[in-house]
Amino acid sequence: GRLGVRWRATEQTMVYASVSRGFKAGLVEVNANPLIAPFTLKPEIPTSYEIGTKLSLMDDRLAVDANIFHNTVKDYHTQTSVFAGTQLVSISTNIPELVSKGLEVDVIGRLTDSISINAGYMYNDIPYPAGFFGDDGGTLAGEQVLSAPKHKLAVSGEFERSFGAGHKGYFNMN
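Everything quoted here is computed from the prediction, not taken from an experiment.

**Quick word on unusual backbone geometry**
Right, on to step 1. Located in the positive-phi region is Asp60, a residue other than glycine, with phi close to 65 degrees.
Right, on to step 2. Residue placement: Asp60 occurs in the loop between β5 (45-57) and β6 (62-84).
Right, on to step 3. A positive phi angle is found at Asp75, which is not glycine, with a value near 60 degrees.
Right, on to step 4. For Asp75, a relative accessible area of 18% puts it in the buried group.

Below, the structure is given as structure tokens:
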């Protein structure tokens, strides 16, 4: 579920806050390798908090969206590696609690009726908690979670052109 409030401070400024809670089912998995016992993944329960603003500037030619967030995931589904005999095997597991916090900023600009440029930045601090170990047995506590960059920047541009009778062509670069 999700609960949110928003306030339109002016025609060009909206401020909002939301809280949401989700659910991802658990599972029982039997590994094909007989040396690894079956295991159970608990259900994953994410809870997210977000506060932000949306601004429309320069006669709607420039939009700025910004927010801060804090997400907690109970029993996060992930994988770890274990040795089964002499073979390194990946198995699914739960991280008891994973916390992500950060901010996002997006800027969308229409330079002309045909040219638009968009840019976005995200800072996402999501470290492994104490007690989680890597494939080599070393602790990952405090390290950024794999496949979750701490900094992310995206830039794109688009050129759009009408070709009569409701047809449009465009070129986009990211």
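More follows now that the structure is in view.
**A short note on the side chain of Asp75**
Right, on to step 1. Here Asp75 shows up in strand β6.
Right, on to step 2. No salt bridge is formed by the buried Asp75, whose closest oppositely charged neighbour, Lys42, lies at an N-O distance of 4.2 Å.
Right, on to step 3. If we skip the residues at most four places from it in the chain, Asp75 touches Lys42, Pro43, Glu44, Asn94, Ile95, Pro96 and Glu97.

**Observations regarding the pattern of salt bridges**
Right, on to step 1. Enumeration over the complete set of coordinates arrives at 5 salt bridges.
Right, on to step 2. With its nearest N and O atoms 2.3 Å apart, the salt bridge here joins Glu97 to Lys74. Taken together, the residues Glu97 in strand β7 (residues 87-110) and Lys74 in strand β6 connect sequence positions 23 residues apart.
Right, on to step 3. The residue Asp125 makes a salt bridge to Lys150 at a minimum N-O spacing of 3.7 Å.

**Re the environment of Glu97**
Right, on to step 1. By relative accessible area, Glu97 is classed as partly exposed at 35%.
Right, on to step 2. For the pair Glu97 and Gly134, spaced 37 residues apart in sequence, the C-alpha to C-alpha distance is 17 Å.
Right, on to step 3. When sequence neighbours within four positions are dropped, the list of residues in contact with Glu97 reads Thr72, Val73, Lys74, Asp75 and Pro129.
Right, on to step 4. A distance of 2.3 Å separates a polar atom in the side chain of Glu97 from a polar atom in the side chain of Lys74.

Conventions adopted
- Residues numbered from 1 in each chain as written.
- Predicted model: local features only at pLDDT ≥ 70, side-chain atom pairs only at ≥ 80, totals over all residues.
- Heavy atoms only, no water.
- Helix = DSSP H or I, 4+ residues; strand = E, 2+ residues; numbered from the N terminus.
- Buried < 20%, exposed > 50% of the residue type's maximum accessible area, 1.4 Å probe, protein only.
- Lys, Arg positive; Asp, Glu negative; His and termini not counted.
- Salt bridge = Lys/Arg side-chain N within 4 Å of Asp/Glu carboxyl O.
- Contact = heavy atoms within 4.5 Å.
- Polar contact = N/O pair within 3.5 Å; in protein donor to acceptor, adjacent residues only side chain to side chain.

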